[in-house]
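Here's the letter readout for the chains.
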Amino acid sequence: MAQAKTLGQFIIEKQADFPYAKGELSRLLRDIGIAAKIVNREVNKAGLMDMQGEAGSTNIQGESQQKLDIYANEQFITALKSGGECCILASEENEEIVMLDTDVSLDAKYIVAIDPLDGSSNIDVNVSVGTIFSIYRRQSTSGRATLADVLQMGVNQVAAGYVIYGTSTMLVYTTGKGVNGFTLDPSIGEFCLSHPNMKIPKTGIIYSINEGYYVHFPQGVKSYIKYCQVEDEATHRPYSSRYVGSMIADLHRSMIKGGIFIYPVTAATPGGKLRLVYECNPMSFVIEQAGGRATDGKNRIMELDVNSLHQRTPIFIGSEQMVLKAEEFMAEAVEEEMSMGLAG
Ligand code: P6P
């Protein structure tokens, strides 16, 4: 059987798609692939290397950091710093932006936003976790890049993707010309093209949401959940409920099988839980490029104003028809509340 195309071969081959490409973005993507392989090695043996469990520190979110969170973050910082193509890294694990512009990368053009190990609270129970990354070109044209170069709208992304450390390790990414998936072949230590031109099914029969918060959900979300649970043969309902607690795992399943993932506002997270810059925007870019849809229940995620590094947003993402249906319930609930308010 012919050896599948490696990530490096694919990146170089696709470089011709970009008129301004001088290889910087290609090198940056390869740097991310290298860091992912190193993180994969530790994730796969976390239990053996005392890399499980909490590190005893907390991140900007006030969430306890896992040892692997910190390790993964360090690997991506090291790889991006040595690669020299990235001037600023914005990470879930760092309160402030990380300036990478050393003498090697003084003219670096790219900004990388990353969640180095999403779902890391699942590491101790051996559930899939992942890395999410987003790449922008810096907007400033002189001096050092600044936070303003990071706080760009999602539609400005030049590339985005995720790595899922699961039963196999996959890297899935887009540069705005479709989505391609690569599976790590441990025998050669390379990501190999396994899922060319990925497309998310336009609809599906799986909904993914933490129903434990049901009482705190907006009425539109409650109505959509009930819609999913009603018996209706023509639309293959009731749907199945699947919720891993690791966004990457839930979204990768939707990419392959179709489905909708919802993390709405709740009483505990009135602005939503998931972060716009390094979780929702990159995953929205990938899902949209695969033919799916990603909104906050009404507005396109990638057109939301970005005002702060760790900004959160509610997210409805996945198969286009399912997201549109959920948005219908959200709009109906708002109309009802407004009419009741007017009547009241
Ligand atoms: P909850 C993991 O901590 C994460 O950021 C996402 O990967 C996941 O979808 C979500 O939070 C789970 O949150 O509140 O359902 O435990």
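- The protein carries the name Fructose-1,6-bisphosphatase class 1 in an unreviewed UniProt entry, which gives Mucilaginibacter lappiensis as its organism.
- Entered under Subunit (unreviewed entry) in the UniProt record, the comment concerning the protein runs "Homotetramer."
- Per UniProt, the protein has the following entry under Sequence similarities (unreviewed entry): "Belongs to the FBPase class 1 family."

**With respect to the site of the ligand**
Right, on to step 1. Residues in contact with the ligand amount to 14 residues; listed here are only the nearest, D118, Y213, Y243, M247 and Y263.
Right, on to step 2. At 2.8 Å, a backbone N or O of M247 approaches an oxygen atom of the ligand.
Right, on to step 3. Protein contact buries 85% of the 400 Å² of open area that the ligand shows by itself.
Right, on to step 4. Tallied by class, residues from the shell around the ligand come to six nonpolar, four polar and four charged.

**A look at the domain arrangement of the protein**
Right, on to step 1. Looking at the protein, the domain boundaries give domain 1 (7-195) and domain 2 (206-343).
Right, on to step 2. Computed from C-alpha atoms alone, the centre-to-centre distance between domain 1 and domain 2 is 25 Å.
Right, on to step 3. Across the boundary between the two partners, domain 1 contributes 49 residues, which contact 32 residues of domain 2.
Right, on to step 4. At the boundary of domain 1 and domain 2, one finds one salt bridge.
Right, on to step 5. Note that R275 is salt-bridged to E92, the shortest N-O span being 3.1 Å.
Right, on to step 6. On inspection of domain 1 and its partner domain 2, the count reaches 12 residue pairs in polar contact (both at pLDDT 80 or more).

**Some details on the pairing of strand β5 (residues 110-118)**
Right, on to step 1. For β5, the tally of buried residues reaches nine of nine residues, placing the bulk of the element in the interior.
Right, on to step 2. Bridge count between strand β3 (residues 86-91) and β5: five bridges; the pairing is parallel. If you follow A90 over to β5, its bridge partner there is A113.
Right, on to step 3. Alignment of β5 against strand β6 (residues 129-137), held across seven bridges, turns out to be antiparallel. In the sheet register, D115 faces β6, and the bridge partner there is I132.

**Looking at the pairing of β3**
Regular strands place side chains that alternate from one sheet face to the opposite one.
Right, on to step 1. Most of β3 is tucked away: six of the six residues are buried.
Right, on to step 2. Where β3 meets strand β4 (residues 98-99), two bridges bridge the pair, whose relative direction is antiparallel. Looking across to β4, one finds that I88 is bridged to M99.
Right, on to step 3. Linking two consecutive strands that pair antiparallel, namely β3 and β4, is a turn of six residues.

**Some remarks on the sheet that holds strand β10 (residues 190-195)**
Right, on to step 1. Spatially, the eight strands line up as an open sheet ordered β4-β3-β5-β6-β7-β8-β9-β10, and their pairing is mixed. Of all strands in the sheet, those bounded by a partner on one side alone are β4 and β10.

**Some thoughts on the nonpolar core**
Right, on to step 1. Counting residues in each nonpolar core, the largest one holds 41 residues, and the members touching the most others are M255 and I315.
Right, on to step 2. Of the residues forming this core, the biggest block, seven residues, is contributed by helix α7 (residues 276-289).
Right, on to step 3. Here this core gathers at least three residues from each of two domains, domain 1 (7-195) and domain 2 (206-343).
Right, on to step 4. Among residues more than four places away in sequence, those in contact with M255 are Y162, V172, V179, M198, K199, I200, P201, V286, I287 and A290.
Right, on to step 5. V39, A159, Y165 and F182 belong to the second largest nonpolar core, which has 39 residues in total.

The rules behind the values
Residues numbered from 1 in each chain as written. Predicted model: local features only at pLDDT ≥ 70, side-chain atom pairs only at ≥ 80, totals over all residues. Heavy atoms only, no water. UniProt positions renumbered as here; feature names shortened; annotations may be inferred. Near = heavy atom within 4 Å. Polar contact = N/O pair within 3.5 Å; in protein donor to acceptor, adjacent residues only side chain to side chain. Areas by Shrake-Rupley, 256 points an atom, 1.4 Å probe, with all protein chains shown as cover. Nonpolar A, V, L, I, M, F, W, Y, C, P; charged D, E, K, R; others polar. Domains from an automatic or database assignment. Contact = heavy atoms within 4.5 Å. Salt bridge = Lys/Arg side-chain N within 4 Å of Asp/Glu carboxyl O. Buried < 20%, exposed > 50% of the residue type's maximum accessible area, 1.4 Å probe, protein only. Helix = DSSP H or I, 4+ residues; strand = E, 2+ residues; numbered from the N terminus. Pairing = 2+ DSSP bridges. Core = buried A, V, L, I, M, F, W, Y, C linked by side-chain atoms within 4.5 Å.

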